[in-house]
Each structure stands twice: as C-alpha cells, then as structure tokens.
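As a plain string of letters, each chain reads:
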Amino acid sequence: MSRRSLRDWLAGRDKRPLAVSVTALLLAAAIPSLAPASADQPRAAAETSKPAFSETRTIDRTFVNADGSVTPVLTKDVTVTADQTENLRGRQRILISWKGAQPSGGRATNPYGDTGMAQEYPVMILQCRGTDDPKAPATQRLSPSTCFTASVAERSQIARGAAESTWLADRYNTAADRQRLSGVDPFPNPATCPGADVPDSATHLTPFVAVGSNAKTYASCNADQMPPEAAVGAAFPPAEIAAFTDLDGTGQVQFEVRSDVENESLGCNDKVRCSVVVIPILGLSCDKPSVPSTTLDRSCRKGGRFPAGSSNFAGQGVDQAVSPALWWSESNWRNRFTIPITFGLPPNTCDLLDPRPPTGFYGSELLAQAGLQWAPAYCLRKDRFKFQLNQTSDVAGWNLMLKNEAAAAEVSSARDSVGAKVGYAPTAVTGFAVGYAIDKPDNAGEFTNLRLNARLLAKLYTQSYVGSALGQGHPGLAKNPLGLMNDPEFQRLNPGLSTISQEAGATVLSLSNDSDVLQQLTSYIAEDPDARAFIAGKPDPWGMVVNPSYKDVSIPTEGWPLLDTYIPKTEDPCRQANPGIYFNQLAAPVTTLAKIATVVLDAWPNVQTRCDKDQGTGLFKLGRIDRQNFGSRFVLGIVSLGDADRYGLRTAALQTKPGTFVAPSDASMAAALRLTRQKQENGPFVLDQADVRKSASAYPGTMVVYTAAKISGAVPADAKKVAQFIRVSTTEGQRPGNGNGQLPGGFLPIVDSGATRPLFRSAQRVAQLVAEQKADPTTDGGGSDGTGGTDSSGGLPPGGGTAGGGTLPTGGGAGAAPGGVAAPAGGASGGPSTGASTAPGGGTAPVAMPATQAVGSRTAGGLLPSLLILGLIGIAVASGVRFFVQPTRPASPGAAGR
C-alpha cells in the first residue's frame, strides 16, 4: 500500500475496501508525521550543532614575480557555516561562523556599512541577489553589481594616487577593470558623476542593479546615484558587515537578511533567488611588477599596518590592498563563499490568494511568529478556513470571544468567563525574555551572558535609577545609581562591563498596555523576597532605595502604571520650553512586543530625551535619542521568545534559586511545564513562580498560549473552525522548522509525550468540546479565576492519542492534511494595534469580523478507523492473517469549515 493511500484511509477519505496487513501497519509507523519527537528533545533547527550550510575551501593570495614565477603569500583552509538558510523572514538574523581565516587587525568601532572599511583582513559579508548555480540563467547569476551596500565608499573608489588604486595591479582583474576608468561602460558623464573622472586619478565604480519599482542601474558614484534604501537616514541601518576575525582565525556574527519589504531594490522574496556572500579578505594577488617597481606595485603587495587583534578606534588609514573596500576586486571576489537563501511567502499571501473573508482570532502577541507561519496552511487549502491572528491585549481578545465577536481568544491565563462555558486549548508553549544588546568594553565584542535577578528588574520597573543629572534632583533618589551599569548588584552578576552611564541603562523597555506577559513577569518579581522588600522600602545592600512613587506598588499586575510625576528644574531652554516627567521619558513604553524587539535589534533606545531646535521656526522639541554606536550599546527590552529567535536577539538568564540563573531553552521551558498544575479540567495550566524559585532548571518566563473558546453558545460555524484550528495547530503545527505551517524557533513543540503530554491531550479534549457545543454542566473552563477542582493530568481525549505516547493522525479532523502533512504556507499573522491585522514591518489595517459562511461537513470518521487499527495490530500480530475493513463515515462534529 502506498503512503498516500494509507493516509487517506486513516483520514477516513478512501471509501474502497482496504486490506490491512502487518506490513502496511508498520509502514504507517514509518510516516514521520505520525511519530512526533519527545517534547524534551532539543529542537532540530535551533539547538543542534549541524549547520544548514557548511563549506570548506582553500583560498590564497599570490604575487607574480618579475621573472613570471608565482609566490604564494597566504594560503588558508577556511570553513564557513550558517545555521539557517531556508524560508527566512525579513530582518531575521542568521548565525554565520568561520574558522581558518586570517586574523584581523585594526578593529573598527562599528563594523557595519562604511564605518567598517578602516580594518585589515576582516571577513566581508553582504546580501546579494542571485546565486552561483552554474545552471541558473544569466539574469539570476551573482555578481558584485547585485550585492547591496548602504554607502558609495563600500563599492566605488576614486583614487588620487597609485597607493589608493591598487586594484589596477590585481592579477585576476580583467583588462577592462584595470583601466583608469572602469566598472561601468560607458562611463558616466561629469554631469551624472561629478568628480569621478579627474585627470591623474583612477576610478572604479561598482554599479548596483536594482529590481522592483526602483528597477534601474545605479552608477554608485555619489549618494545621488545610489538606490533609495541607501539614502542618508534610511529606515534601516546597514546590514553588510566587515566582521573581525580573532587571533585563532575564528569569528561569528548574526547577519540580518532583508526581504523586498525592507529592501525593494535588492528584491529578495519567495520567488527571487538570493544569497549571503562571505568574503574572507586575504589581500590582493598582484601581477608582475614593473622594472623598476612602481608605487602601485609596492602598494598592491602591502600586508597591513595594524597587528593582528589590534584596534583602530581613531579610524586611521589602512593598507587598501588588505582592506574590505576592495571586496569586489577579483582577488577577493574569487575567494567568496556563497550561501543560497530562500524567503518564506510574503506577509500578504492570504489576502492575495484567498478571497474568502477571514475568521479572526484575537489576543496574545506571543503567538505572532507562529501565526505568521501557520496562516497560509489554512488559507491555501479550500477544506480549511482563512485564519487570521489579530494581535490585541489578552483581555480585549477574551471579551470579543465572550460576545461572539471573535471566533476565539488567544490568552495565557485564566479569565472571568461571566458564566459562559469556556475551554482553554493549549496551542503554543513559548514565553517572554529580557532581550538585550550590550557590548564589552574596549570594543571587545558583544556581551553574551547577561544575568538578572528579580530585584534588578524591580529597580528598573519602579524607575529607581536616576538616568542622568536631570534625575538626581528627584526627592529621595539623589544617591541612587544613574543606571543599571552603575549598580554594584548588576556589576557583581555581570563583571567586566563598562560603567560609563547612559540614560538607556536606567530602564527596560516594556509594554504600555495590559498583557499576560506583564502579569507573569511581575509574578516573578513578587515571589522574590529581596525584590518585595525593595519595593516595600528596604534599601538594597549598597544603599539603593525604591522610587517613592512606587513604594508598595501592588504586584502582580497585568498593566504597569507610570506613577512618577517628577519634572526636573533646569536652565536648559529646551526643557524649559518642553517640561515633562523625566522618568516617563526614560521609560517610554510601547504598545507591542514587536516594537520592543526592533528597538533591541537596532540598538535604538526609545528614550525620549533628545532635544532639537527647528532652525526654521526656532522652536525646541523633544524626541527619541540616537541609535547607539556599535561598541557602546546598552539597551534592554521585554521581548517574546518567538521574536528573539527570529531576530537573533540575546536573552538574559533569570535567577531562580539563589545563585542559579536559567536562560530560555526547550529544556528549561519543559522543566517549567512540569511545575504547572491544571486546577480544573479544560482550564489553563498554572505556573506558580513560587515553585519556579525552588527549581534549578525551570525558566521563569515560560508561558502557554491557549486558544480559548466557548464550548457552548458559540456561533456553530465558528466553533467548527476553532476546533479545526486547535487540532491542526497542535499536530502538524508543532513540527519545528521555518517552513509554512511549521513551528518557528522560540516555541517548545506540544506533543503527546514528555512534559507537554498533558497539554496535548487537554487541547484535543477541548477541541472536541468546542466542536460538539455540548458543554459538560460541571465544567466552566476555570470560572472567574481558573481555580477549583482537582489537578488534572490531561486524560486521553477522544481520538487524541495512544497509551504508548504516540499520536494517531486525528489532528484537525477532515480539515487536517492527510497524515498531518502541512500544506504550503507562509503568511501574515496579526499586528500591533488593537482590532487590527498586520504583518511585522507592514502597515496596519482595521479588521471587521465578517459574517461567517456556512460550514459544509467533509466528515473524516477518524476515530473509528483509528480504533480499528489498534485492534487489528493485535490480531494481525497474533494470527498473521489479513482483515478486510470497510470504514464507516459517520457525521463528525469536528469537520472543517470552508
């Protein structure tokens, strides 16, 4: 029997008589979708050492001698790896590592964009359109002109002397590229590129060939001849980087890829082939010298003026022959490593390809990254519905669900059901983290091991750091540290960091609206005796005291108040013209976790204390401070684990037991789940932070996102869709990966084994109840507070699994893919504003709940065939005989809607 026919029978779709043999049943066990991995196993993509790309090549630098012989100067066996290459999203960061490269010298303060050019022997990394596939059409081939840079200095050179025109001696350059004017044919006229053609100079232009609405060739001779994404003050900072190689020849960076949403001119998307190009700079290979040798010959053969491992903070000149400025020159270009990358479907896929009105699920932003990958697995299948995640506050989503104005709510805690019968189906295990970008002093790279405890978070949230001299006038706080970096408690946990104060160090960027994330975070603070004592007014061991405005503030809370009212007294004319509450300007909370993630990603604090004077009007205005410079970054924010994984953000380890700090991971989230208790059947699983404080392995930021829906009194058509969503999302939607319909990083898969088994079984049970709309009169989904009743281990749900821990393919009823195989997907989830649907980085559009269409039943009859299999296995093994079974097809309350 084929795998397809077996899957069809298991889904109840094949009406033909079926001969079931032991061989066929063993084949069923071999279908990957029927045997999910244990929840306790690490994620295949995120937590294993096997890279998505790995290549080792021998690269070299050679000199041609006067007699025509060739002398090897440097030969290196370099290995380059990348951890992710497929189904990428805009602004996602991938980890690129290398070994065997030439150690760098003259480390720049900022390796991104043109500020990284003043280094020697770095590794240049760029994103380019096209590939090196020899079978690809010429229009899809990689070249320097399809690689994007954010500045002219990175791609074009105008040299006033031989010492700065070393590419003319590159032995591998073509004759055309060794002319005085090269790179563009015909060469631009002076009106287009003034100063590019100057007597006694050499100029090479590396044009950029754009696509999309900006499709044209940009000469790249000055700022006016660059694509719009390279403009001064562009929306996104440069992504290309001249990365430093350590003394042992190794290095790694988180490289940010851009889709056509962020860079239309580059144009990378699901249909356009693109690559990340990694070029270890070894220096130019030089042609046969003149006799006698010239300045050009000698300049080409230079080996650098900075010792390996040294810094160039002053931005002094470097030897051009070993700098990244000539990455395009053939000696360097031929040593490139090309990493092919693919992008997932665009955020608006469902809107473009599915004309049906969406069915809105409202609530938790923690589900955003999963929703982004899940949505097309629904809208691209006609036997499913058009799923849309609209990100709102948890309480707003809950209230819409209770009023039947939303099909379901996505929440992470028990809420008042106001007498309605509501079930909580565990849909995702994820959480929050303190994301950060912090640099080591002396430009020694990123700090990667941040540790925080509850009292430090209490200090940040209670606005107890004074920020600057402006805050030192606050009554009662004059002796408090300026920021976290100046706090002895922080320094003890994180030794060796810079103590140079910044206003951004006085705050952690957080949410301005109510959220279950804040409830969980403040519960963590509330369970810590030192943090509680600090909030109650007890100084810490170094004498720091709580901001009087927050003394005895009530926690836990799902909404953090801004209570301070201090307005500094100052002679600053700007502040006199714009008086404001200083500590609130430091905190400046925002409405979504996605916004916080981009703040950390760009190292651009949301601190609103910058003052500018409009030269036209003479008026002062306060606004956001500048992006922090690489090498002196210090910014913290509360982020979702899904966003942290997508954007490659560092996340802090949080203290549990004294001296024990736990970082987010699959293992630490599974450990937290083992501490949860389901206090009432079909209710949420409660994680008590008091229990977390006793654990050496549980991550405090672990949270479960539930699909909360009525199990009686719901709109019938919506109920069937919700049941389908729960079944599909908790089966095929739990397969780790970046692909459409899969579970992205930052989430622990929910499977029918290990720590997540009770969640899986509870989800299947709730799905059945939602579909049937026959609420058990003893069940209310947790009542007003989710408490009461006895602990539940999540018994076997109807059609939900087997006693041995494996799962049969009931996930999704008739609407699920046969055998749980995901359909092609990749679309948008909701966005950052209440009652609106957005994609990350996209616009916001109000979403009205449509009248739900009538649901046609495509009945699976999945339960009866599954039970037949179980019985037949035992009989077949015992007797070795075959049985012929005609499966019945009773009406299924969980059938999918259209």
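Quick note: structure is the one above.
Every value quoted in this text rests on a predicted model; they were computed, and no experiment measured them.

Chemist: Would you mind showing me how to read the environment of Val123 here?
Modeler: With respect to the helices and strands, Val123 occurs in strand S5 (residues 123–129). Residue classification places Val123 among the buried residues on the basis of a relative accessible area of 1%. Once residues within four sequence positions are removed from consideration, Val123 is found in contact with Trp98, Ile241, Ala242, Ala243, Thr245, Val278, Ile279 and Pro280.

Chemist: Where do I start with the nonpolar core in this structure?
Modeler: Within soluble globular proteins, side chains that are nonpolar generally end up buried alongside one another. In this structure, Val434, Leu450, Leu452, Leu484, Ile525, Leu636 and Ile638 are the most contacted members of the largest nonpolar core, which totals 126 residues. The element contributing the most residues to this core is strand S18 (residues 422–438), with eleven residues. Each of domain 3 (349–430 + 668–818) and domain 4 (432–599 + 608–640) gives at least three residues to this core. Discounting chain neighbours no more than four positions away, the residues touching Leu636 are Val434, Gly435, Tyr436, Leu450, Leu452, Leu484, Thr507, Val508, Leu509 and Val600. Residues Trp98, Phe337, Ile339 and Phe343 belong to the second largest nonpolar core, which totals 37 residues.

Chemist: In this structure, what is going on with the sheet that holds strand S2 (residues 53–64)? I would like to understand it.
Modeler: Each strand in a sheet pairs with another by means of backbone hydrogen bonds, the pair being arranged parallel or else antiparallel. Reading across from one edge, S2-S3-S4-S12 is the order of the four strands in this open sheet, with antiparallel pairing throughout. Edge positions in the open sheet fall to S2 and strand S12 (251–256), since each of these has one partner strand only. The average angle at which neighbouring strand axes cross in this sheet is 25 degrees, direction not considered. By the bridge criterion, six bridges tie strand S4 (residues 93–99) to S12 in an arrangement that is antiparallel. Paired with Trp98 across the two strands is Gly251, which belongs to S12.

Chemist: What am I meant to see in the sheet that holds strand S25 (residues 661–662) here?
Modeler: The strand order S19-S24-S25 describes an open sheet built from three strands, whose pairing is mixed. At either margin of the open sheet sits one strand with a lone partner, and together these are strand S19 (451–452) and S25. By the bridge criterion, two bridges tie S19 to strand S24 (residues 653–655) in an arrangement that is parallel. Directly across from Leu452, in S24, lies its bridge partner Leu654.

Chemist: Which parts of the structure should I look at to understand the pairing of strand S22 (residues 634–640)?
Modeler: Each regular strand shows side chains that alternate between the opposite faces of the sheet. Of all seven residues making up S22, seven are buried, and the element is well covered by its neighbours. Pairing of S18 with S22, which is carried by seven bridges, proceeds in the antiparallel orientation. Within S22, the residue paired with Ile438 across the bridge is Phe634.

Chemist: Could you clarify how one ought to interpret helix H6 (residues 368–379) in this entry?
Modeler: For H6, which comprises twelve residues, the first-to-last C-alpha distance of 17 Å matches the rise-based estimate of 16 Å (1.5 Å per residue) to within 8%. Counted residue by residue, H6 has twelve buried out of twelve residues, so it is predominantly covered. Along H6, the residues classified as buried are Ala368, Gln369, Ala370, Gly371, Leu372, Gln373, Trp374, Ala375, Pro376, Ala377, Tyr378 and Cys379. Tucked inside the fold, the buried residues of H6 contact helix H5 (349–353), strand S16 (387–391), S18, helix H15 (641–647) and helix H18 (716–729).

Chemist: Would you mind going over the environment of Asp132 with me for this structure?
Modeler: On the secondary structure map, Asp132 appears in the loop between S5 and strand S6 (157–159). When sequence neighbours within four positions are dropped, the list of residues in contact with Asp132 reads Leu142, Arg336 and Thr338. Within polar-contact distance, the side chain of Asp132 engages the side chain of Arg336 at 3.0 Å.

Chemist: It is not clear to me how the pattern of salt bridges should be interpreted in this structure. Could you clarify?
Modeler: Once their charged atoms are close, side chains differing in charge can pair, the charge on each being opposite to the other. For the coordinates displayed, the defined rule picks out 32 salt bridges. Arg273 is the salt-bridge partner of Asp133, the closest N and O atoms lying 3.2 Å from each other. One end of the pair, Asp133, is in the loop between S5 and S6; the other, Arg273, is in the loop between S12 and strand S13 (274–280), and 140 residues separate them in sequence. With relative accessibility at 26%, the residue Asp133 sits in the partly exposed group. Overall, the relative accessible area of 34% leaves Arg273 in the partly exposed class. Note that Glu446 is salt-bridged to Arg650, the shortest N-O span being 3.6 Å. With a gap of 204 residues between them, Glu446 in the loop between S18 and S19 and Arg650 in strand S23 (residues 650–651) connect regions that are remote in the sequence. With relative accessibility at 22%, the residue Glu446 sits in the partly exposed group.

Chemist: What is the right way to look at the pairing of strand S17 (residues 408–411) in this model?
Modeler: Burial along S17 is two-sided: Ala408 and Glu410 and Ala409 and Val411, pointing in opposite directions, are all buried. As judged from the three bridges shared by strand S15 (residues 359–363) and S17, these two strands associate in the parallel manner. Bridging from a neighbouring strand, Tyr362 pairs with Ala409 of S17. The sheet contact formed by S17 and strand S28 (residues 702–710) spans three bridges and is antiparallel.

Chemist: Hey, could you run me through a nonpolar patch on the surface in this one?
Modeler: A cluster of nonpolar side chains, namely Leu352, Leu353 and Leu380, defines an oily patch on the protein surface of about 290 Å² accessible area. Looking at the secondary structure, you find Leu380 in the loop between H6 and S16.

Chemist: Explain the packing of aromatic side chains here, please?
Modeler: How two aromatic rings sit relative to each other is set out by the distance from centre to centre and by the angle between their planes. What the rule picks out here adds up to 19 aromatic pairs. Taking the centre distance of 4.8 Å and the plane angle of 55 degrees together, the rings of Phe361 and Phe725 count as tilted. Of this pair, Phe361 sits in strand S15 while Phe725 sits in helix H18, and the two are 364 residues apart along the sequence. Taking the relative accessible area as the measure of exposure, Phe361 reaches 0% and is therefore buried. Phe725 gets classed as buried once you look at its relative accessible area, which sits at 0%. On the numbers, 5.3 Å between centres and 75 degrees between planes, the contact of Tyr461 with Trp560 is edge-to-face.

Chemist: Quick question: what am I supposed to make of unusual backbone geometry here?
Modeler: Apart from glycine, the bulk of residues carry a negative phi angle, and the bulk of peptide bonds sit in the trans form. Residue Pro186 follows Asp185 across a cis peptide bond; omega there is 0 degrees. Tracing the backbone shows Pro186 in the loop between strand S7 (181–182) and strand S8 (202–204). Cis geometry marks the peptide bond from Val291 to Pro292, where omega comes out at -5 degrees. With phi around 50 degrees, Val418 is a residue other than glycine that occupies positive phi space.

Chemist: I tried to follow the state of the cysteines on my own but got confused; where do I start?
Modeler: Here is the idea: a disulfide is a covalent bond, and it sits between the sulfur atoms of two cysteines. Enumeration according to the criterion identifies six disulfides in this entry. In this model Cys193 forms its disulfide with Cys221; the gap between the sulfur atoms is 1.9 Å. With the S-S bond torsion at -75 degrees, the cross-link from Cys193 to Cys221 turns out left-handed. On the criterion of sequence distance, the pair formed by Cys193 in the loop between S7 and S8 and Cys221 in the loop between strand S10 (217–218) and strand S11 (241–243) is long-range, its members being 28 residues apart. Each of the two residues, Cys193 as well as Cys221, counts as buried. Each sulfur in the disulfide pair Cys268 and Cys274 lies 2.1 Å from the other. What sets the handedness of the Cys268 and Cys274 disulfide is the S-S torsion sign, and at about -100 degrees it is left-handed. On the accessibility criterion, Cys268 (0% relative accessible area) is buried. Across the protein, the disulfide pattern expressed with sequentially numbered bonded cysteines is 1-2, 3-4, 5-6, 7-8, 9-10, 11-12.

Chemist: Would you mind showing me how to read helix H10 (residues 516–526) here?
Modeler: Helical periodicity: at 3.6 residues per turn, an α-helix aligns residues three or four positions apart in one direction. For H10, the tally of buried residues reaches ten of eleven residues, placing the bulk of the element in the interior. Looking at H10, one finds that the buried residues are Asp516, Val517, Leu518, Gln520, Leu521, Thr522, Ser523, Tyr524, Ile525 and Ala526. Near the N-terminus of H10, the side chain that reaches the backbone nitrogen of Val517, with its oxygen 3.0 Å away, is that of Ser515.

About the criteria used
Residues numbered from 1 in each chain as written. Predicted model: local features only at pLDDT ≥ 70, side-chain atom pairs only at ≥ 80, totals over all residues. Heavy atoms only, no water. Helix = DSSP H or I, 4+ residues; strand = E, 2+ residues; numbered from the N terminus. Buried < 20%, exposed > 50% of the residue type's maximum accessible area, 1.4 Å probe, protein only. Contact = heavy atoms within 4.5 Å. Core = buried A, V, L, I, M, F, W, Y, C linked by side-chain atoms within 4.5 Å. Domains from an automatic or database assignment. Pairing = 2+ DSSP bridges. Axes fitted to C-alpha atoms, helices over the stretch in contact; angles between N-to-C directions. Expected span 1.5 Å × (residues − 1). Polar contact = N/O pair within 3.5 Å; in protein donor to acceptor, adjacent residues only side chain to side chain. Salt bridge = Lys/Arg side-chain N within 4 Å of Asp/Glu carboxyl O. Patch = residues over 30% accessible without salt bridge, like charges linked within 9 Å, V, L, I, M, F, W, Y side chains within 5 Å. Areas by Shrake-Rupley, 256 points an atom, 1.4 Å probe, with all protein chains shown as cover. Phe/Tyr/Trp six-rings, centres within 6.5 Å; stacked < 30°, edge-to-face > 60°. Disulfide = S-S within 2.5 Å.

Keep in mind these values describe shape, not function.
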